[in-house]
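Spelled out, the chains give:
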Amino acid sequence: ATNKLQSRIFKEGLPYILRCRRSFATDVPKITTHYTIHPRDKDSRWKDVNMERFGDDVDVVIVGGGPSGLSAAIKLKQLANAQEKELRVCVLEKASELGGHTLSGACLEPRALNELFPNWKDMGAPVKQEVTSEQFYFLTKSLRIPVPLLPGMPIKNHGNYIIRTGNFVRWLGEQAESLGVELYPGYAASEVLYHKDGSVKGVATNDVGIAKDGSPKETFQRGMEFSAKVTMFAEGCHGHLSKTLFQKFDLRKNCQTQTYGIGLKELWEVDPALHVPGRVEHTVGWPLSKDVYGGSFIYHLAEDAPLVSVGFVVGLDYRNPYLNPFQELQVFKTHPAIVKLFKNGKRIAYGARALNEGGFQSIPKLTFPGGCLIGCSPGFLNVPKVKGIHNAMKSGMVAAEAVFETLTDEDKVSKSETAGLDPVSYEEKIRDSWVWSELKSVRNVRPSFHNPIGMYGGLAYTGVVYYLLRGREPITLSHGAPDYARLKPATECKPIKYPKPDGVVTFDLLSSVALTGTNHDHDEPPHLTLRDDSVPMARNFAVFDGPEQRFCPAGVYEYVETEDGRGHRFQINAQNCIHCKTCDIKDPSQNINWVCPQGGGGPAYNGM
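Conventions used here
Residues numbered from 1 in each chain as written. Predicted model: local features only at pLDDT ≥ 70, side-chain atom pairs only at ≥ 80, totals over all residues. Heavy atoms only, no water. Buried < 20%, exposed > 50% of the residue type's maximum accessible area, 1.4 Å probe, protein only. Helix = DSSP H or I, 4+ residues; strand = E, 2+ residues; numbered from the N terminus. Salt bridge = Lys/Arg side-chain N within 4 Å of Asp/Glu carboxyl O. UniProt positions renumbered as here; feature names shortened; annotations may be inferred. 1 Å grid on protein atoms, 1.4 Å probe; cavity = no way out; pocket = protein on both sides within 12 Å on 5 of 7 lines; lining within 4 Å. Points joined across faces, edges and corners; volume = space filled by probe spheres on them. Nonpolar A, V, L, I, M, F, W, Y, C, P; charged D, E, K, R; others polar. Pairing = 2+ DSSP bridges. Axes fitted to C-alpha atoms, helices over the stretch in contact; angles between N-to-C directions. Contact = heavy atoms within 4.5 Å.

1. Side note on helix H16 (residues 535-544)
(1) Moving on: With seven of ten residues buried, H16 is to be regarded as a mostly interior element.
(2) Moving on: Here H16 has its buried residues at Val535, Pro536, Ala538, Arg539, Asn540, Val543 and Phe544.
(3) Moving on: Just past H16, the residue Asp545 takes up positive phi, approximately 60°.

2. Section: the pattern of salt bridges
(1) Moving on: All chains considered together, the criterion is met by 27 salt bridges.
(2) Moving on: One salt bridge in this structure joins Arg53 and Glu191, with 2.6 Å as the shortest N-O distance. Highlighted residues: Arg53 in the loop between helix H3 (21-24) and strand E1 (54-63) and Glu191 in strand E9 (residues 189-194), separated in sequence by 138 residues.
(3) Moving on: With relative accessibility at 30%, the residue Glu191 sits in the partly exposed group.
(4) Moving on: Note that Lys385 and Glu438 form a salt bridge whose closest N and O atoms lie 3.3 Å from each other. Here Glu438 lies in helix H13 (residues 434-441) and Lys385 lies in the loop between strand E20 (371-373) and helix H10 (389-408), a separation of 53 residues in the sequence.
(5) Moving on: Taking relative accessible area as the criterion, Lys385 reaches 13% and is therefore assigned buried.
(6) Moving on: Each of Arg40, Asp207 and Arg222 takes part in a single network of salt bridges with overlapping partners.

3. Some thoughts on the UniProt feature "domain: ETF-QO/FixC ubiquinone-binding" (unreviewed entry) in the protein chain
(1) Moving on: Residues annotated by UniProt as "domain: ETF-QO/FixC ubiquinone-binding" (unreviewed entry) correspond here to residues 260-355.
(2) Moving on: Span residues 260-355 is 12% helix and 45% strand, its end C-alpha atoms 6 Å apart.

4. A closer look at empty space enclosed by the protein
(1) Moving on: Throughout the structure, instances matching the rule amount to three cavities of 30 Å³ or more.
(2) Moving on: Of the voids in this model, the largest cavity is the one considered here, and its volume is about 120 Å³.
(3) Moving on: Taken together, His34, Tyr35, Ser190, Asn206, Asp207, Ile210, Glu524, Pro525, His527, Cys596, Pro597 and Gln598 make up the full set of residues lining the largest cavity.
(4) Moving on: Here the lining of the largest cavity is built from residues that sort into five nonpolar, five polar and two charged.
(5) Moving on: What lines the second largest cavity is a set of 15 residues, and nearest its centre among them are Glu357, Gly358, Gly359, Val442 and Arg443.
(6) Moving on: Tallied by class, the residues present in the lining of the second largest cavity amount to seven nonpolar, five polar and three charged.

5. What to know about the sheet that holds strand E15 (residues 279-285)
(1) Moving on: On the basis of which strands lie adjacent, the open sheet formed by seven strands has the order E6-E5-E15-E16-E17-E14-E18 and mixed pairing. The two strands at the open ends of the sheet, each matched to only one other strand, are strand E6 (144-146) and strand E18 (346-356). Strand-to-strand, the axes of this sheet are offset by a mean angle of 20°, without reference to chain direction.
(2) Moving on: Relative to strand E17 (residues 307-315), strand E16 (residues 294-300) is paired through seven bridges, and the arrangement is antiparallel. Note that in E17 the partner of Ser296 across the bridge is Phe312.
(3) Moving on: Running over the sheet, helix H8 (residues 325-332) touches strand E5 (133-139), strand E14 (260-269), E15, E16, E17 and E18 and is turned about 45° from E14.

Take a look at the structure:
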């Protein structure tokens, strides 16, 4: 009987659960208190609260102060200053300081940076260490087998630089500010505003002074409205406002579904004798099985201390609900050829972030009345190259050119059918740029791993078909079902037993989260909202054995034993959240909706 119920829940999902709710959800505790799920106009506690917002009118609002958003802002001001035009550009960033939520490998291809600032080497950019050597390995449990990097292969890093992306973002912010860009760190955009004609009007920042139970505190303050002629969304992978734009304007109508990965990273201070500044290593294979896409990176930085970035990426299209990406990183470090680098070292930082892996096939429509999507919001990561910063920057620069043309063309402004302007030329410009041709050439590498022999078939495709044709093959492979729909029921999978941490090379999750510096007000509504509080126990736990507690890299989700010892209940530790967005992507019921917490909350990465 249990198997039959699990099968029906698995096949029919949320609609079946809602139909049966009366029979199993009478005592479901209230978890979600956020106003996006429980509207305030239906809550008597908000009846007499003043909900008026103060506003500001600008020319361009950019949501997100990462490489793409800052590059767009810089380009806009460069164009305006060159033509002596007044242009007010504002960047809203949810982190308390620029770079505080930024996490990447990172090995920077300087192509876009060369275009944005041809003299960047003379400007004090924190881009110092050029790649001096690189290796690519296939791992088995005991062996590390070198794989030759042939000329023209996407992962070649000659001429690239190893950087700490958070430091690079801070530097970009300094350049933007010097050009006249208005920067607002700690301002989290929480809502898209619309004109009466349906075009985007701007954004509103989130309200503050709301208690955990959803009621207003005495300190309640309404957020601020930023109205703009054009709003550029540079939120990064799976942005919570971008998601709403995809739906409202049907931006994914003519593209494939996005597919994702999760990247986990640690920063280590290692034995100086083992430190080789400029060295780059990538691996595939162990500890992942052949049917799981992923791999590792190790980058030797050039700093005052002998620092090494180590990271592990797992494709979120994996099928076994017992897989734990955080544990895969820990296990990877124990490989006989890897562990010696860390044995006498000290781990000083940890973090994680979801990343787009859909590439060319998954690029949505980029513009809409009132705005556009740039950077990782639409998804310009080159997966086989393991790089996205250069494409994110370039997309922001190209979009800025289109936005500037739109704003300064009086004919376009006067003939606009909507109050919010549509920078339509961005679509054509990005197709004419090297971003488009680069992504098109590697479009089949990631989906080629969906074959009966998994990783081996993907490696064969890359090594033979891509190397010979360089993307000129007449077909475009499909990514298939979305990541959240790929998990198998737990009864069909073998649990994965991970070793206990040794506290030297491998670590537990909570001590890792402590290194992120993440912080949220304990007395605010959890920003990890549930569309239905009964679904985690009724479906995710019943069918998939609670995968949230494994795919989350920060210990946000737990299934804890009830006080009477007769079952389990679902618990959200929202204060642990490091804003990776993995839960919103991989939740098999699509019941979790990540929304923005109060501005300034979240991780406090230092040069990650």
